[in-house]
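# Observations on the model geometry
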Amino acid sequence: MAPRHEKYYHAPVMPEEVLECLKPAPGKIMVDATLGGGGHSEAILERLLPGGKLIGIDQDDDALRAAQARLSRFGEAFKPVKGNFRHVASIIKEFGLKNVDGLLFDLGVSSYQLDSPGRGFSYRGDVFLDMRMDQSLPLTAADLLRDLSKRQLTGIFRKYGEEKWAARIASFIVEYRQKKEPISRSKQLVQIIKNSIPAAARRRGGHPAKRIFQALRIAVNSELENLKKGLEQGIDILQARGRIVVIAYQSLEDVLVKKQFRESSRGCICPPGIPVCRCNNVPVLKILTRKPLYAAPKELSKNPRAKSARLRAAEKLA
Ligand SMILES: C[S@@+](CC[C@H](N)C(=O)[O-])C[C@H]1O[C@@H](n2cnc3c(N)ncnc32)[C@H](O)[C@@H]1O
């Protein structure tokens, strides 16, 4: 049964910093590419009126339902869209738009998604290993654990989880599913991970299952591919002097954002020593945050989830 929107909760992270960087103002048109419960969107919409508009995208039905209920008072100024932000250019086209004044990406999953047993993101408790943000995606984490080879699993754990014990954990998973049963519950997987990591190593670096759960989630939802496409399109559709703000919660995402911003803000990329530029590359972005912004201690005391947040912002050049 679909959860009711009253139960949806998620405290928006670094809301003041988001507003400061995005600069919403009456009449502007902005996109919240990760609508979630609509917390950031609400604060942005309040500053876009009168005359402005916000297109809010999410691939998760629960989030859309919750945000629609929360933001209904904004009437036609709020346009909710079920979709993936990797298609943000074609999404705004459906509203007759080619450009927007601002874009927000607040990546990852919401507290609600993380804590809802039915969604299977958490390594605490015992839940079915679903992990799809978009419930219409074809493959769950349980499917990957059943069907992928040891080599493929190792690759995912290494690339998306930066897990030192990737190969050993993949071996234990394959052995378990061959000798016992398919792995479909979080408790089964956590136990297998614990069994595969030597006791001394298990005591370091947080919960031993954290990196494997992160890796599976990234793989199930193609998170890094989506982010790359979303950023490329987002930068492309920004109006001159428009702003893009991204909040990342883990280093793989943050590195990707930093790289994309740097590439888009660079001019000539010809090899050194070439007398005349041949690439004709022109910078399209000005980076506003040379170093990422972090949540202030006051926010962290109320919302520990903000601890890993890194905010980067940039402005489109004319
Ligand atoms: C951290 S939450 C956003 C919370 C929101 N800023 C708020 O204030 O409530 C991230 C949201 O982005 C959505 N999401 C993640 N990747 C997405 C993608 N590629 N396309 C669309 N939505 C995505 C998730 O479903 C989730 O609801």
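All of the points below concern the structure found in this document. Position labels on residues start from 1 in each chain and follow its written sequence. The predicted nature of this model means local features are confined to residues of pLDDT at least 70 and side-chain atom pairs, given and counted, to a pLDDT of 80 or more, with totals for whole chains, interfaces and linings taken over all residues. Side-chain calculation: all heavy atoms of the structure are included, whereas hydrogens and water are not.

## Topic: the site of the ligand
In these notes, residues near a molecule or strand are those with any non-hydrogen atom within 4 Å of it. Neighbouring the ligand are 26 residues, the closest being H40, D58, F85, D106 and Q113. The separation between a nitrogen atom of the ligand and a polar side-chain atom of H40 is 2.8 Å. What qualifies as a polar contact is a pair of N or O atoms within 3.5 Å, subject to a donor-acceptor requirement within protein and to the restriction that residues adjacent in sequence count only when both atoms come from side chains. Contacts to the ligand include D58, whose side-chain N or O atom sits 2.7 Å from an oxygen atom. Accessible surface is estimated by sampling points in the Shrake-Rupley manner with a 1.4 Å probe; for residues, cover comes only from the protein chains shown. In isolation the ligand offers 600 Å² of accessible surface; the protein chains occlude 99% of this area. Looking at the shell around the ligand residue by residue, the class counts come to eight nonpolar, 14 polar and four charged. Throughout this entry, Asp, Glu, Lys and Arg are counted as charged residues, while Ala, Val, Leu, Ile, Met, Phe, Trp, Tyr, Cys and Pro are counted as nonpolar. The remaining residues, Gly among them, count as polar.

## Thoughts on the side chain of K79
With respect to the secondary-structure elements, K79 resides in strand β3 (residues 78–82). Once you skip the residues sitting within four places of it in the chain, K79 turns out to touch K53, L54, I55, G56 and F95. Secondary structure elements are taken from DSSP: a helix is a run of H or I of four residues or more, a strand is a run of E of two residues or more, and numbering for both begins at the N terminus. In this analysis, two residues are considered to be in contact whenever any of their non-hydrogen atoms come within 4.5 Å of each other.

## A word on the sheet that holds β3
At least two DSSP bridges between two strands are needed for those strands to be called paired. In space, the seven strands of this open sheet follow the order β3-β2-β1-β4-β5-β7-β6, with mixed pairing throughout. In this open sheet, the two strands that pair with only one neighbour each are β3 and β6 (285–287). For this sheet the average axis-to-axis angle between neighbouring strands, irrespective of direction, equals 20 degrees. Direction of pairing for strand β1 (residues 29–32) relative to strand β2 (residues 53–58): parallel, over a ladder of four bridges. By the bridge assignment for β2, I29 is matched with K53. With axes taken as lines fitted to C-alpha atoms, and helix axes fitted only over the stretch in contact, angles between N-to-C directions fall between 0 and 180 degrees. Most of the contacts of helix α1 (residues 15–22) go to strand β5 (residues 238–248), to which it runs at about 160 degrees, and overall it touches β1, β4 (100–106), β5 and β7 (310–316). Contacting β2 and β3, helix α3 (residues 61–71) crosses the sheet at an angle of about 170 degrees to β3.

## Topic: the environment of K7
Among the structural elements, K7 can be located in the segment before α1. Three exposure classes are used, based on accessible area relative to the maximum for each residue type with a 1.4 Å probe and protein chains only: buried under 20%, partly exposed in between, and exposed over 50%. In this structure K7 comes out as exposed when scored by relative accessible area, which is 58%. With 59 residues separating them along the chain, K7 and A66 place their C-alpha atoms 8.5 Å apart.

## Here we look at the environment of F95
Relative to the assigned elements, F95 resides in the loop between α4 (88–93) and β4. Between the alpha carbons of F95 and R185 there is a distance of 42 Å; along the sequence they are 90 residues apart. In contact with F95, not counting residues within four places along its chain, are I55, K79 and V81.

## A few points about the nonpolar core
What makes a nonpolar core is a set of buried Ala, Val, Leu, Ile, Met, Phe, Trp, Tyr and Cys residues whose side-chain atoms join them at distances within 4.5 Å. Core analysis: the largest hydrophobic core is formed by 65 residues, its most contacted members being F157, L189 and I244. Domain ranges listed in this record stem from an automatic or a database domain assignment. Among the domains, domain 1 (5–112 + 224–316) and domain 2 (138–220) are the pair contributing at least three residues each to this core. The contacts of F157, once residues within four sequence positions are left out, are E162, E163, A166, I169, A170, I173, I212, A215 and L216. With 28 residues, the next largest nonpolar core counts L35, A43, A67 and F78 among its residues.

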